[in-house]
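Breakdown of the fold
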Amino acid sequence: MLRSLTIRDFVIVDRLELEFGAGFGALTGETGAGKSILLDALGLALGGRGDATMVRAGCERAEVAAEFDAPDAEAFTCWLQEQGLGADDGGLILRRTIDAGGRSRGWINGSTVTLAQLRAAGEWLADIHGQHAHHALLRAEAQRALLDARAGAGPLAAEVAGLHREWQRLARLHREAEADSAGSARERELLGWQLRELEELAFDAGEWDELNAEHSRLGHAAGLIEGADETLAALGEGDLAVCSSLRHLGGRIAALAGYDPGLGDVRELLTAAAIQADEALHALRRYRDRLELDPLRLRAVEARIAAVLDTARKYRVAPHELPELQRQWQLRLETLEATADPARLAAAEAGARRAFEDAAGRLTAARQPAAQRLSAEITAAMQTLAMAGGRFEVALRPCEPTAHGLEVVEFQVAANAGQALHGMAKVASGGELSRIGLAIQVMVSRDSAVPTLIFDEVDVGIGGRVAEIVGTLLARLGRDRQVLCVTHLPQVAARADWQWRIAKLERGGETLSEVTPLDADGRIDEIARMLGGVKITATTREHAAEMLGRDAPGRA
C-alpha cells in the first residue's frame, strides 16, 4: 500500500508530508482546495505526464516522492531485478522532479530511471480512476480493452493484431505481384545488373580512407624520403648530432649537479630529452626503411580511386555511400523476387490468414465467458444504484476480420425495465453513465491485484441513497486493499475508515493548500459542513454524527 507522500512546490502546495493508513480513506474539502492536486502529485510520481505549469510560481522545481510497500509478487520481484533495482526493507520509493523549464527526472530507490520505468512500476502499485473515467467507456477501444483485460486476453489480443498486420502485408504483396509482373521483371533485371557492377568493384567504405592515405604517401614519396634522410642526419650523424649532443650535455650537467643540487631538475630534463631523441631516431630509421619510390603501385592506386569515383558519380552518391547503396538494392531485389511468384505469395497469404483466424478464434473464445460474467455483475450492481430493472450487456457482434479480431465489442444498456438494449453512448444520461461507469470501475478494481486503488470524484452525478451505496461499495473494497477517494458526498465520506480535510489558506500573499487529518470530532464537523453548507446547525451536526455512527460532541 501507499505509506507516505512528500510534496514540494507543486502547484499550490509548498510542502506536505503525508502518512497514509490502510483501509478506505476519504479526502474532502471545498471545491478548488487542492484535493485532486494531491492525486495529480501522486500520478506524477507514478510516471504520469508533467510540465512546467506544475511548478509552484517563483520556485525552481517541483518534487514528489511516494513510498509504497513492495508488492509480494514474484513477477514484480523479477521485474525489479531485470531493471537493476531492489526493494529496501520491503519498501519502494518513487521520486520525480520537474524544473521550471519543464525538464523531468525520475528515481526508484535512489537509482535514476526513465519515465517508462516509473510507469511500469506504478502499474504494480496503484490504480487511479479519474473523475471523467466513465466518459472513456463510451469509446469502442476502451470497451474492448476493458473486456480483454477482464478476460486476461491482453497478450492474445496483441498477437491477433500482429498476425493481422502480417496477413495484410502478404495480401498487399500478392496484389502488387499480380498487377505489375512485367514492371517487376524489368526492375529486377536492372537491379541485378547494377548489383553485379558493384560486386565486381568489391568496394567497402573503410577502403576509401586507406586508398587516399596510400595515394598521398606514394605521391609524396620523394619529399618524404628527402625529409627523413635530412632529419636522420641531424639526429644521429657527426659530432654535432642532436642525440650525441644531448647525451654529452646531460653528462656535463650531471657532473655539475654534484657541486650544486639545484641543477637536478635540469639534469632530469636533459636526460629525458636525450631518451626521446633516441626513440625518435630509431622510429624514423624504421620508417625510412619502408619508404621507396613505387610508380607502379601509385598508378594502381590512382586507377582504383578513379574506378570508385566513376561508379559513385554514375549513381550520384559519395564514394563511401556505395556499400549502403548496394545493401539497399539487395533488399529491394529480394523483395521483388519474393513477389515474382504470385502462386507462392497466394499460399503465404493463405497461411497467414489461417494463423490469424486461429488466434482470433481463441480470442473470441476468451471474450465470450468474460462478457457474460461482466454483463451479469454490472446488471446486478445497477439494481443497487437506483436503476432497478436496468440491464447491462457486453455484446460481441461478428464482423469482417480486423486487427481487433472477428467481432465488435459494444457495451449496451437498458436503463429501465422493459427497455431494449442499445449502445451505452446512445441511451445513458449523465447520471446513469456515472453510475454505470462507477459500477464497472469498482467491479474491475475488485479483481485487480493492485494494492492501492484511488478514485478521484468518480461519484459525480449521484447522490442520496445511491451515494450511500457507493460508499458501502468502496468500504468493502477497503477491507482487502487500500482505497483513497476524493469526494464531495457526505454519504461516501462517512463510510471511510479515516478522513482528511483539504483547505486553501493565505500566507504571505500566497494561496496554499493545507491537509488536516481529522479526529472523531473533526469528522463530525467536516461531514456537517458537507451536509449543511455555510450555516451548520446543531441538527446538522447530529445528522453528521448519526451518519458516522456516533453521538455529536456535547450530547448527554
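Scroll up to find the structure.
Residues numbered from 1 in each chain as written. Predicted model: local features only at pLDDT ≥ 70, side-chain atom pairs only at ≥ 80, totals over all residues. Heavy atoms only, no water.

Things to note about the sheet that holds strand β15 (residues 510-517)
Strand pairs in the sheet, formed through backbone hydrogen bonds, run parallel or antiparallel to each other. What counts here: Criterion used throughout: strands pair if DSSP finds at least two bridges between them. Helix and strand labels come from DSSP, where a helix needs a run of H or I of at least four residues and a strand needs a run of E of at least two; each type is numbered from the N terminus. Only the stretch in contact is used when a helix axis is fitted, and all axes are lines through C-alpha atoms; the angle between N-to-C directions ranges over 0 to 180 degrees.
Within the open sheet, the six strands sit side by side as β8-β12-β13-β3-β14-β15. Their pairing is mixed. Taken across any chain shown, the strands that pair with only one partner, and hence form the sheet edges, are β8 (126-129) and β15. Mean inter-strand twist for the sheet, computed between neighbouring axes without regard to direction, equals 20 degrees. The pairing of strand β3 (residues 24-28) with strand β14 (residues 498-507) spans four bridges and is parallel. Following the sheet pairing, L27 is matched in β14 by W500.

Concerning the nonpolar core
Under the convention used in this document: Joining through side-chain atoms within 4.5 Å is the link that ties buried Ala, Val, Leu, Ile, Met, Phe, Trp, Tyr and Cys residues into a set, and such a set is a nonpolar core. The classification of residues rests on relative accessible area computed with a 1.4 Å probe and restricted to protein chains. Under 20% of the type maximum is buried, over 50% is exposed, and intermediate values are partly exposed. Residue contacts are defined here by distance: any two heavy atoms, one from each residue, within 4.5 Å place the two residues in contact.
Ranked by internal contacts, the top residues of the largest apolar core, which has 51 residues, are I378, F392, F411, I436 and L474. With eight residues, the single largest contributor to this core is helix α17 (residues 464-480). Those residues in contact with I378 that sit more than four places away from it in its chain are F392, I436, A439, I440 and M443. Among the nonpolar cores identified, the runner-up in size contains 46 residues, and L39, F68, W79 and L94 belong to it.

Points about the pairing of strand β6 (residues 104-108)
As defined by bridge partners, strand β5 (residues 91-99) adjoins β6 across five bridges and the pair is classed as antiparallel. The partner of R96 across the bridge, within β6, is G106. Hairpin connection, β5 to β6: the antiparallel pair is bridged by four residues, and G102 has positive phi, about 90 degrees. Across three bridges, β6 lies against strand β7 (residues 111-113) in antiparallel orientation. Paired with G106 across the two strands is V113, which belongs to β7.

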